[in-house]
Amino acid sequence: GSARRRRVVEVNRKANRLMLAEKVAVYGERREKRDELFSGLQVSQRVQGTLRSIAPFGVFIDLGGIDGLVHKSELSWNKVNNPETAYAIGDEVEAEVIDINHERGRISLSIRRLQPDPWQESVAKYTIGDVIAGTVTKLVNFGAFVRVEEGLEGLIHISELSNQRVAHPGDVVKEGDTLNLKIISLDSERH
């Protein structure tokens with residue numbers, strides 16, 4: 001029986017060697033594929049992938065052999081505190097490549113940039129000269145902040161609060177006041 005055992009051991013050794021050779025080949029292929037995928041990517045390119053894992057700081061997307069990270073600040077225009085509530089593993093997602101770090105093998109993605117910016121849409125509704133209503137949310141030394149609509153605020157500079165000279169905005173308005181306001185300048189950039 002010992003000869004048979006020897007043969008079994010040899011067969012197993014051979015099988016192990018083959019498996020090892022196969023693993024190395026697969027790993028090499030995967031690396032090649034990875035490098036190929038990597039070099040084929042460009043910043044601002046749209047990509048599609050499958051959500052592979054969720055971390056407190058963002059989600060990892062499998063782009064077909066390489067992973068890209070969508071940081072939670074790049075998931076949505078609205079603040080996302082917990083990515084787990086917004087996404088599930090296996091979700092198909094579309095994203096934009098925002099950074100490629102070849103040294104670290106890192107790809108940064110954004111889902112937010114493929115969505116319309118609500119700020120731009122809100123601002124687009126208004127033109128200089130429009131008279132609108134706003135609620136005072138905060139007083140500062142140089143003026144008053146007013147909420148025009150959800151997510152959209154404006155500033156009344158202290159010099160625009162009254163025709164008389166104003167020492168402090170609190171002398172003219174208080175938080176919670178609703179005012180009729182005229183738009184004198186618009187900035188379509190988000191700050």
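You'll find the structure just up there.
Keep in mind that this is a model prediction, so the values were computed, not measured.

Notes on the overall build of the chain
Line of reasoning, step 1. Summing up its helical and strand segments, the chain has three helices and nine strands in all.
Line of reasoning, step 2. Written out in order from the N terminus, the α and β elements of the chain read α-β-β-β-α-β-β-α-β-β-β-β.
Line of reasoning, step 3. In summary, the chain has a C-alpha radius of gyration of 29 Å against a globular reference of 16 Å for 191 residues, an excess of more than 25%.
Line of reasoning, step 4. Referenced to the eigenvectors of the C-alpha coordinate spread, the extents of the chain come out at roughly 110 × 30 × 25 Å.

Overview of the sheet that holds strand E2 (residues 58–62)
Line of reasoning, step 1. With mixed pairing, the five strands of this closed barrel are ordered in space as E1-E2-E3-E5-E4. Taken pair by pair, the neighbouring strands of this sheet meet at an average axis angle of 50 degrees, ignoring direction.
Line of reasoning, step 2. Across five bridges, the pairing between strand E1 (residues 46–55) and E2 is antiparallel. Residue pairing for E2: Ser53 is matched across the bridge by Phe60.

Comments concerning the packing of aromatic side chains
Line of reasoning, step 1. Inspection of the entire model under this criterion finds two aromatic pairs.
Line of reasoning, step 2. For the ring pair Phe57 and Phe60, a centre distance of 6.1 Å and an interplane angle of 90 degrees mean the geometry is edge-to-face.
Line of reasoning, step 3. Arranged with centres 6.3 Å apart and planes meeting at 80 degrees, the rings of Phe142 and Phe145 form a pair that is edge-to-face.
Line of reasoning, step 4. One residue, Arg112, lies across the ring of Trp77, its end atom 4.2 Å from the ring centre.

A word on the sheet that holds strand E6 (residues 131–140)
To summarise the sheet geometry, strands pair through backbone hydrogen bonds and adopt either a parallel or an antiparallel arrangement.
Line of reasoning, step 1. Taken in spatial order, the four strands line up as E8-E7-E6-E9 in an open sheet, and their pairing is antiparallel. Single-partner strands in this sheet number two, and they are strand E8 (152–157) and strand E9 (178–182). The average angle at which neighbouring strand axes cross in this sheet is 45 degrees, direction not considered.
Line of reasoning, step 2. Sheet topology note: the E6/E9 ladder contains five bridges and is antiparallel. Bridging across to E9, Gly134 finds its partner in Leu179.

A closer look at the layout of surface pockets
Line of reasoning, step 1. For the largest pocket, the calculated volume is near 840 Å³.
Line of reasoning, step 2. Elements represented by at least two residues in the lining of the largest pocket include exactly helix H3 (118–124), strand E7 (143–149), E8 and E9.
Line of reasoning, step 3. Broken down by element, the lining of the largest pocket gets its largest block of residues, six residues, from E8.

Description of unusual backbone geometry
Line of reasoning, step 1. We note that Ser44 has phi near 75 degrees; this positive angle belongs to a residue other than glycine.
Line of reasoning, step 2. Mapping Ser44 onto the fold places it in the loop between helix H1 (2–40) and E1.

Considerations on the pattern of salt bridges
Line of reasoning, step 1. Applying the stated criterion across every chain yields a total of six salt bridges.
Line of reasoning, step 2. Close ionic contact of Asp177 with Lys174 constitutes a salt bridge, the shortest N to O distance being 3.4 Å.
Line of reasoning, step 3. Among the ionic contacts, a cluster of salt bridges with common partners joins Glu74, Arg112 and Arg113.

Thresholds applied
Residues numbered from 1 in each chain as written. Predicted model: local features only at pLDDT ≥ 70, side-chain atom pairs only at ≥ 80, totals over all residues. Heavy atoms only, no water. Helix = DSSP H or I, 4+ residues; strand = E, 2+ residues; numbered from the N terminus. Rg over C-alpha atoms; globule rule 2.2 N^0.38 Å. Pairing = 2+ DSSP bridges. Axes fitted to C-alpha atoms, helices over the stretch in contact; angles between N-to-C directions. Phe/Tyr/Trp six-rings, centres within 6.5 Å; stacked < 30°, edge-to-face > 60°. Lys NZ or Arg CZ within 6 Å of the ring centre and 35° of its normal. 1 Å grid on protein atoms, 1.4 Å probe; cavity = no way out; pocket = protein on both sides within 12 Å on 5 of 7 lines; lining within 4 Å. Points joined across faces, edges and corners; volume = space filled by probe spheres on them. Salt bridge = Lys/Arg side-chain N within 4 Å of Asp/Glu carboxyl O.

No statement about biological role is implied by the geometric values presented.
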